[in-house]
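# Working through the structure, step by step
What follows is the residue order along each chain.
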Amino acid sequence: MPITTDVVVLPGASARPLAAYVASLASGEADPADILCAPVQPDGPDGPRADAALDELLPVTAAEAIAAYRLTGKPGETAQAMATIAGRPVSLLLLGVGDRSPRALRRAGAELGRRLADGGTATASVVASEDSAGVQAFAEGVLLGGYGFRLRSAPADPAGSRSAADPPGLARLLVSPDADGPEALRRAAAVAGAVGTARDLANTPSALKSPQWLADEAVRLTADRGVQARVWPEDELAAAGFGGILAVGSGSTRPPRLIELSYRPASAPAGPAPHIVLVGKGITFDSGGLSLKPNDGMKSMKTDMSGGAVVIAVLSALAALGVPCRVTGLVAAAENMPSGSAYRPGDVITHYGGRTVEVLNTDAEGRLVLADALAYAVRTLEPDQIIDVATLTGAARVALGTTHAALYATDDELARSLTAAGEASGDRVWRMPLEDGYRAALDSEVADLAHVARDNTSAGSIVAALFLREFAGGRPWAHLDIAGPGRSAENSGELSKGATGFGARLLLRYLSSAASEPAG
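Heads up: these notes are all about the structure in this document.

Quick notes on the rules
Residues numbered from 1 in each chain as written. Predicted model: local features only at pLDDT ≥ 70, side-chain atom pairs only at ≥ 80, totals over all residues. Heavy atoms only, no water. Phe/Tyr/Trp six-rings, centres within 6.5 Å; stacked < 30°, edge-to-face > 60°. Helix = DSSP H or I, 4+ residues; strand = E, 2+ residues; numbered from the N terminus. Buried < 20%, exposed > 50% of the residue type's maximum accessible area, 1.4 Å probe, protein only. Lys NZ or Arg CZ within 6 Å of the ring centre and 35° of its normal. Pairing = 2+ DSSP bridges. Axes fitted to C-alpha atoms, helices over the stretch in contact; angles between N-to-C directions. Contact = heavy atoms within 4.5 Å.

## Observations concerning the packing of aromatic side chains
Enumeration over the complete set of coordinates arrives at six aromatic pairs. Where Trp 232 meets Tyr 376, the ring centres are 5.4 Å apart and the plane angle is 80°; that geometry is what we call edge-to-face. Of this pair, Trp 232 sits in strand E8 (residues 227-232) while Tyr 376 sits in helix H11 (residues 366-381); the two residues are 144 residues apart in sequence, bridging distant segments of the chain. Residue classification places Trp 232 among the buried positions, given a relative accessible area of 7%. For Tyr 376, a relative accessible area of 4% corresponds to the buried category. Judged by centre distance (4.7 Å) and plane angle (35°), the ring pair of Phe 242 and Tyr 352 falls under tilted. Placement of Phe 242 in the loop between helix H7 (234-240) and helix H8 (243-249) and of Tyr 352 in the loop between strand E12 (348-350) and strand E13 (356-358) is noted, with a sequence separation of 110 residues between them. The buried category is assigned to Phe 242, whose relative accessible area is 0%. The exposure class of Tyr 352 is buried, given its relative accessible area of 15%. Here a set of aromatic residues connected by ring pairs shows up, and it is made of Trp 232, Phe 242, Tyr 352 and Tyr 376. We note Arg 230 situated over the ring of Trp 232; from NZ or CZ to the ring centre the distance is 3.6 Å.

## Some points on the sheet that holds strand E14 (residues 385-390)
With mixed pairing, eight strands are arranged side by side in an open sheet as E8-E9-E11-E10-E14-E18-E15-E16. On the outer flanks of this sheet lie E8 and strand E16 (429-431), each paired with one strand and no other. Taking each pair of neighbouring strands and ignoring which way they run, the sheet shows an average axis angle of 20°. The pairing of strand E9 (residues 257-263) with strand E11 (residues 326-336) spans seven bridges and is classified as antiparallel. Considered in E11, the bridge of Leu 261 is made with Gly 329. On top of the sheet, helix H6 (residues 211-222) reaches E8, E9, strand E10 (275-286) and E11; it is set at about 10° to E9, its chief contact.

Taken by themselves, the reported measurements are silent on function.
Laid out in structure tokens, this is it:
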């Protein structure tokens, strides 16, 4: 991440954070910053309000400044002014914080993070009166908002350009003495670091990103983090009967891989804890295969392994967050390409465990690789719960847009817990029905089932979930279709343009809470 965070605890910071900071700056106890960030709230009796200490720093009152800039206090809204502190001009950022909920603070922090993405320092009093959860949310926003992915050539060092040796942006947060600021920042860095990892993996161009490259990155990113890695090469996949992964990867010169990451905590929990298996779709590029996509449909397909990227990122962060339960991550990685060796519509493939599937559309490849991984998890790993995450269907995006992922689950408690984790983390989900009435659409005359609907059933996201359920073995299982929120067309709040890393925050929050619940 290009930004770091730190906390400053000042006497009186909780009651009058700006006044305390200005006094410490004048006395030389605090370091000056390029930006001073002050909150604007929408709930004043006469409209939006800000810290009264601004009246002493601005040439006008805070209320007059708010009115002049037409601020409402909504989360992430900004206006920039000049202030004078101890005789020194300082850039003042008025930042809307809404209702100061974690969601609002996360969005506000992201706007500050974007201003620090190219370096500089900021001191923010926005979180001065918050508890640790508020501090963590704001810090996560700062780190996520400052994210950037670039593969540009180095500039010819024009005058004024920043060099690689320049320090990253730094956000100093004034916090209440009652909040555990350092611990909140540590957890924020772990969570935001995982999201950044997922974004980096998904944003990497597919010319560089073969299934083997993804496997190598998974091993590198999880080394020395309580994770054991096994990479299944093509010959081992064939010997074990992973027909779905092999079929999808058969058209590419870069063979498929199954990435298996096993996390065991350094210390066992006091009581029984669940073994949770995470399964991620790892299609490193999706051309559609012989059912070829149009050109515009391929432009974002380097991110079709976003689910697998999230699984890798989550496994890399479990030790840092002290998650005490056992977690296994499976990433089914393949490149879906058209060629003389590619699988075809009409083929019948045999999945891990022996179930046969009739292929009707090679552009519905994600469910085929996931089915192998799910079947392997059920037969070999004995999980208490299985959660898969995938950019699976355009239908989910049509239904829910980009703000929520579609959640399907066979267990009500699992669904409730994931929904709560999504609300708390910012990765929000909406539970969708596993409507058994659509199951007949997957009947096949030549195989155990078809992998897409044979009739005119239009419930594409539900039918895909019903197909995956066939391989979950009756275990508590949840499916996250992140086709909508997994990608963003613009920088918005804590989301970045391109791959968003959606699902990493949700799963880390869920696993942290599931660790304290008994298996069963």
